[in-house]
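Fold and contact review
Here's the letter readout for the chains.
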Amino acid sequence: MKVIIKEDNVQGGKAAFEIFEKAIKSGAKNFGLATGSTPETLYKNWVASDLDCSELTSINLDEYVGLKPEDPQSYHYFMQKHLFDQKPFKKTYVPDGLAEDIDAYCKEYDQLIEDNQIDVQLLGIGQNGHIAFNEPGTPFNTGTHEVKLTENTIKANSRFFDSIDDVPKSAICMGTKNIMHAKKIVLLAFGKEKAHAIKMMIDGPVTEEVPASILQLHPDVTVIVDKDAASEL
Ligand code: F6R
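If you're wondering where the values come from, they're calculated on a predicted model, not measured in any experiment.

To continue, consider the overall build of the protein. The secondary structure content of the protein amounts to 7 helices and 10 strands. A globule of 233 residues ought to have a C-alpha radius of gyration of about 17 Å, and the protein, at 16 Å, matches this closely. Structurally, the protein occupies a C-alpha span of about 45 × 40 × 35 Å along its principal axes. Looking at the 233 residues of the protein, the share that counts as buried comes to 40%. Taking the contacts inside the protein whose residues are at least 6 apart along the sequence as the reference set, 80% of them involve residues at least 24 apart.

Structure, rendered in C-alpha cells:
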C-alpha cells in the first residue's frame, strides 16, 4: 500500500483528485464512487475542474434500504448533489434501496461490476474498519449483499438524520470481492477518529474483523490520510 500523509482533508481531497484526473486523462472510464463526509473535498475539486465526464461510468458502493433516490439522506441524492448535477456522467449507478427482490438485485449489481471493471475505486473507512458497509465479521470474498448495519455505524451516520431512529437499519452494498476486483483503489481517511482503523488496516493482520485489512492483498492501493488519521502509524 502506498500511504500519502497530507496536512488536512482539503489537501487530501486535492491529492485524491489528482489521481482521478490523471486516470481520466489516461483513458480510465469506470469509477467506483463512495459517499459520506470523507470524499466531499475530492468532489469539490472534481466539480471545480474542467474535466469532461460525459464518457464516464460510475458505480457506487452502497445505498440504504428503504430510501427513495430523492430522499435527501439517500446516497443517490448525495451523489447528485455533490458530483453528478454539476458533472454529468454517461451512466451512473447507485444500488436501488427500493429493490423488491434484494437478492436478485444484488446479483444484477455483481454482473454490472463484472461487465464494467472498475478502473479506480474510491473508498472511505469506518471507525470500526468497515469499507462500504462491510462490517467486522463479514466474510471476505462476498459479492453485493444486503447488510444489517451495526449500532456503531448507525450512531456514526445519525448525524445526517433528524434522529437516530430515522437511520435505516440495513443497506445494499458491494462486497469485498467486488472491491478487490477494481484495478486501482484509493482510500481516504481524515480525522483522529479514523486513526485506529487506519493503523489496523495497514499494520494489523488481514482479518475479517477489520474488513479494510483485505486491501493489504490488493496490488494497487493508495491511502491518503491527514495527520490526525495517520497519528497511530
Ligand atoms: C460510503 C461508505 C462508507 C463510508 C464510511 C466513512 O459510501 O461506503 O463505508 O466510506 O462509513 O464515512 P464518512 O466518510 O462519513 O466518515
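Time to look at the sheet that holds strand E4 (residues 62–64). Pairing within the open sheet is antiparallel, and its 3 strands lie in the order E4-E8-E7. Looking along the sheet, the strands with just one partner apiece sit at the ends: E4 and strand E7 (145–148). Neighbour to neighbour, the strand axes of the sheet diverge by 25 degrees on average, direction disregarded. As defined by bridge partners, E7 adjoins strand E8 (residues 170–173) across 4 bridges and the pair is classed as antiparallel. Within E8, the residue paired with Val147 across the bridge is Ala171.

With that out of the way, let us pick up the pairing of strand E3 (residues 57–60). Here 4 bridges tie strand E2 (residues 30–33) to E3, and the two strands are oriented parallel to one another. Looking at the pairing, Phe31 lines up with Ser58 of E3. In terms of handedness, the path from E2 via helix H2 (residues 40–48) over to E3 forms a crossover that is right-handed.

Moving on, we get to the UniProt feature "domain: Glucosamine/galactosamine-6-phosphate isomerase" (unreviewed entry) in the protein. The positions UniProt marks with the feature "domain: Glucosamine/galactosamine-6-phosphate isomerase" (unreviewed entry) are residues 20–216. Split by type, residues 20–216 is 30% helix and 16% strand. Its first and last C-alpha atoms lie 21 Å apart.

A few words now on the pairing of E2. Pairing of E2 with strand E6 (residues 120–123) involves 2 bridges; the strand directions are parallel. Note on E6: the bridge partner recorded for Gly32 is Gln121.

This paragraph deals with the site of the ligand. Taken together, 13 residues lie around the ligand, and Thr35, Gly36, Ser37, Thr38 and Gly124 are the ones closest in. By residue class, the composition of the shell around the ligand is 5 nonpolar, 7 polar and 1 charged.

Here the focus is the environment of Gln86. Relative to the elements of secondary structure, Gln86 occurs in the loop between helix H3 (75–84) and strand E5 (91–93). Overall, the presence of 13 C-beta atoms within 10 Å leaves Gln86 in the partly exposed class. When the C-alpha atoms of Gln86 and Val47 are compared, they prove to be 6.2 Å apart, with 39 residues separating the residues in sequence.

Time to look at the UniProt feature "active site" (unreviewed entry) in the protein. Mapped onto the present numbering, the UniProt feature "active site" (unreviewed entry) falls at Asp62, Asn128, His130 and Glu135. Looking at the secondary structure, you find Asp62 in strand E4. Relative to the elements of secondary structure, Asn128 occurs in the loop between E6 and E7. For Asn128, a count of 18 C-beta atoms within 10 Å translates into the label partly exposed. If near-sequence neighbours (up to four positions away) are discounted, Asn128 is found in contact with Glu135, Pro136, Thr150, Asn152 and Ala197.

This paragraph deals with the environment of Val65. With respect to the helices and strands, the residue Val65 is situated in the loop between E4 and H3. A residue is classified by how many C-beta atoms lie within 10 Å of it, and Val65, with 19 of them, is partly exposed. Spatially, the C-alpha atoms of Val65 and Ile102 are 9.3 Å apart, while their sequence positions differ by 37 residues. Each residue touching Val65, except ones within four places of it in the same chain, is listed here: Gly97, Glu146, Pro168, Ser170, Ala171 and Ile172.

Next up on the list: the packing of helix H1 (residues 9–25) against H2. Where H1 meets H2, the axes come as close as 7 Å, and the angle between the chain directions of the two elements is 55 degrees. In terms of their interaxial angle, H1 and H2 are classed as oblique. Like other packed secondary-structure pairs, H1 and H2 cross with a definite hand, here right-handed. Of the residues in H2, those touching H1 at Asn9, Val10, Gly12, Gly13, Lys14, Ala16, Phe17 and Phe20 are Thr41, Leu42, Lys44, Asn45 and Trp46. Split by residue class, the contact of H1 with H2 holds 6 nonpolar, 5 polar and 2 charged.

Thresholds, definitions, all that
- Residues numbered from 1 in each chain as written.
- Predicted model: local features only at pLDDT ≥ 70, side-chain atom pairs only at ≥ 80, totals over all residues.
- Helix = DSSP H or I, 4+ residues; strand = E, 2+ residues; numbered from the N terminus.
- Rg over C-alpha atoms; globule rule 2.2 N^0.38 Å.
- Buried ≥ 20, exposed ≤ 12 C-beta atoms within 10 Å, placed from the backbone.
- Contact = placed C-beta atoms within 7 Å.
- Pairing = 2+ DSSP bridges.
- Axes fitted to C-alpha atoms, helices over the stretch in contact; angles between N-to-C directions.
- Right-handed = clockwise from strand over helix to strand, strands pointing away.
- UniProt positions renumbered as here; feature names shortened; annotations may be inferred.
- Near = placed C-beta within 6 Å.
- Nonpolar A, V, L, I, M, F, W, Y, C, P; charged D, E, K, R; others polar.
- Parallel < 35°, antiparallel > 145°, perpendicular 65-115°, else oblique.
- Left-handed = near helix turned anticlockwise from the far one by under 90°.

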